[in-house]
Amino acid sequence: MNTAFFLLSMTVVAVISDTMLIPFYPQFFAQRFGMESPEHVGAYLAAMSATVIVALPIWARVARKLAVIKLLVVTQIAAGLLCLYCMHIESLAMFWLVSLCMIACKASYLLIYPFMMRLQKPERHVFMASLLSIVIHFGGIFGAIIGGVVLDRWSVEDVFLFMAAGDAIQTLICIYLLCSGKVTQKPDEAQVLGHGASSRARRPLYLLGIAMMLFYFSAYLVRPFFAEHWQLVSGIDNTTVSGLAFAIPAGMALLALWSNHAASRSHLLLNRPLPCLMLGALGLLLQAWPQPVAIVLGRCLFGWAMFQVTVHLDVLLFQRSKPDDYARDYSLINLFQNLGVIGSSFTAGSLVASQGLSAPFLLAALGFVFSVLSYPLLCHVSSKKAVTA
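Residues numbered from 1 in each chain as written. Predicted model: local features only at pLDDT ≥ 70, side-chain atom pairs only at ≥ 80, totals over all residues. Heavy atoms only, no water.

Our focus in this paragraph is the pattern of salt bridges. Within the structure shown, the criterion is met by 2 salt bridges. With a shortest N-O distance of 3.8 Å, K106 and D18 are connected by a salt bridge. Here K106 is found in helix α5 (residues 92-106), whereas its partner D18 is found in helix α1 (residues 3-19), with 88 residues between them in sequence. As a salt-bridge pair, K106 and D167 come within 2.9 Å of each other at their nearest N and O atoms. Taken together, the residues K106 in helix α5 and D167 in helix α8 (residues 158-180) connect sequence positions 61 residues apart. With respect to class, K106 is no different from D167; both count as buried. Salt bridges here are not isolated pairs; linked through shared partners, they connect D18, K106 and D167. (Salt bridge = Lys/Arg side-chain N within 4 Å of Asp/Glu carboxyl O. Helix = DSSP H or I, 4+ residues; strand = E, 2+ residues; numbered from the N terminus. Buried < 20%, exposed > 50% of the residue type's maximum accessible area, 1.4 Å probe, protein only.)

Okay, here's the thing in structure tokens:
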């Protein structure tokens, strides 16, 4: 098994750990702390994204002096210990402090993505971006299912025990990679910092970042309260079933990957970013309709669109960057992505409190429409090499 397999395995475990509570934070705060405010849930999710924004550049700087895999050993051990501590916290304020420190430690695993892409030849970037997107989607499946099962059958505190186990697995994989000699144990400053570039030369990256911010704002707007919306519409008060409904887009991502491979020569229209954005907008509108069948169909369309557009935008990033700049440019794009997530977290809480559980789906659909309208500007500064995700 090659290095990429172990790095992908780490990503799977990390995504599962990170997504266990994402669909269930409203229920978690209500059961654990008696806090039922939608605004509070939105504020906490925004704080999580803000923590990643601050932490990732710090870890990138540390990686100048300490090899990425060695850094991950330290940070994942710290994250696991903080997870265990979260199990016993009774104060809401203390939970915020400790859990956000845990998120800061976990953020270091995002350095794996540019590290992996640096190991690949440019012609394999589309494949790797697609594979990583599949890994993230299926990590979301298992994370949502495990989170739902734990909340159904055990106490809410047990979720953090599972998360700590994920951190332990990541740590063991890193130790194996270091002991086996499969990865370098020396820091590579160029890998993290890259070389200086003028503002004019980086303009395409900033435009790509703005496009990603709008896309991520729209896509993540529907996540925090989807489980509640599904339970209200379907009448099924079961968090495991809610987790499965939440994870439908991950199954569609696998179908989309197969479609892209099968249609690599024919470039099917429904695999292209603009039609996919329109399909995604339709899928979001269907999810706002208070009918279970409409929600399931909407999740399918939304999942297809999410995969295709995410892969397309990721490949654009690595086309506009250089191998020595991958980590630095990825850190910049991650900043824009998380700004979108922060905005969506605050907005979702306010919308649900004032307009109801279907409102985030309607605004998200509008965001996808704006993405369609702004896409020509992004293409205007795109690299000459065509990208088909």
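Before going further, it helps to spend a moment on the side chain of Q76. With respect to the helices and strands, Q76 occurs in helix α4 (residues 68-86). Accessibility expressed as a relative area gives 1% for Q76, which makes it buried. At 3.3 Å, the side chain of Q76 forms a polar contact with the side chain of S108. With residues near it in sequence (within four places) discarded, Q76 still touches C105, K106, S108, Y109, D167, Q170 and T171. (Polar contact = N/O pair within 3.5 Å; in protein donor to acceptor, adjacent residues only side chain to side chain. Contact = heavy atoms within 4.5 Å.)

Right, let's get into the packing of helix α11 (residues 226-234) against helix α12 (residues 239-246). As a packed pair, α11 and α12 sit with axes 9 Å apart at the nearest point and diverge in direction by 115°. Accordingly, the angle class assigned to the pair α11 and α12 is roughly perpendicular. When you trace α11 past α12, the crossing you get is right-handed. The segment α11 lies against α12, with F226, A227, W230 and Q231 engaging T239, V241, S242, A245 and F246. Residues of the contact of α11 with α12, tallied by class, amount to 6 nonpolar, 3 polar and no charged. (Axes fitted to C-alpha atoms, helices over the stretch in contact; angles between N-to-C directions. Parallel < 35°, antiparallel > 145°, perpendicular 65-115°, else oblique. Left-handed = near helix turned anticlockwise from the far one by under 90°. Nonpolar A, V, L, I, M, F, W, Y, C, P; charged D, E, K, R; others polar.)

The predicted coordinates of low-pLDDT regions are not to be read in fine detail. In this model, the chain carries a mean pLDDT of 80, and residues with pLDDT of at least 70 account for 86%. With pLDDT under 50 throughout, residues 189-196 is counted as low confidence; its partners more than four residues away or in other chains account for 22 contacts. For residues 381-389, every residue scores under 50 in pLDDT, and the model assigns this stretch 21 contacts once sequence neighbours within four places are set aside. (pLDDT = per-residue confidence, 0-100.)

Y25, F28, F95 and F160 are the most contacted members of the largest nonpolar core, which totals 119 residues. Ranked by the residues each element gives to this core, the list is headed by helix α15 (residues 292-319), at 13 residues. Excluding anything up to four places from it in sequence, F95 contacts F28, F29, F33, Y44, C86, I89, L100 and F160. (Core = buried A, V, L, I, M, F, W, Y, C linked by side-chain atoms within 4.5 Å.)

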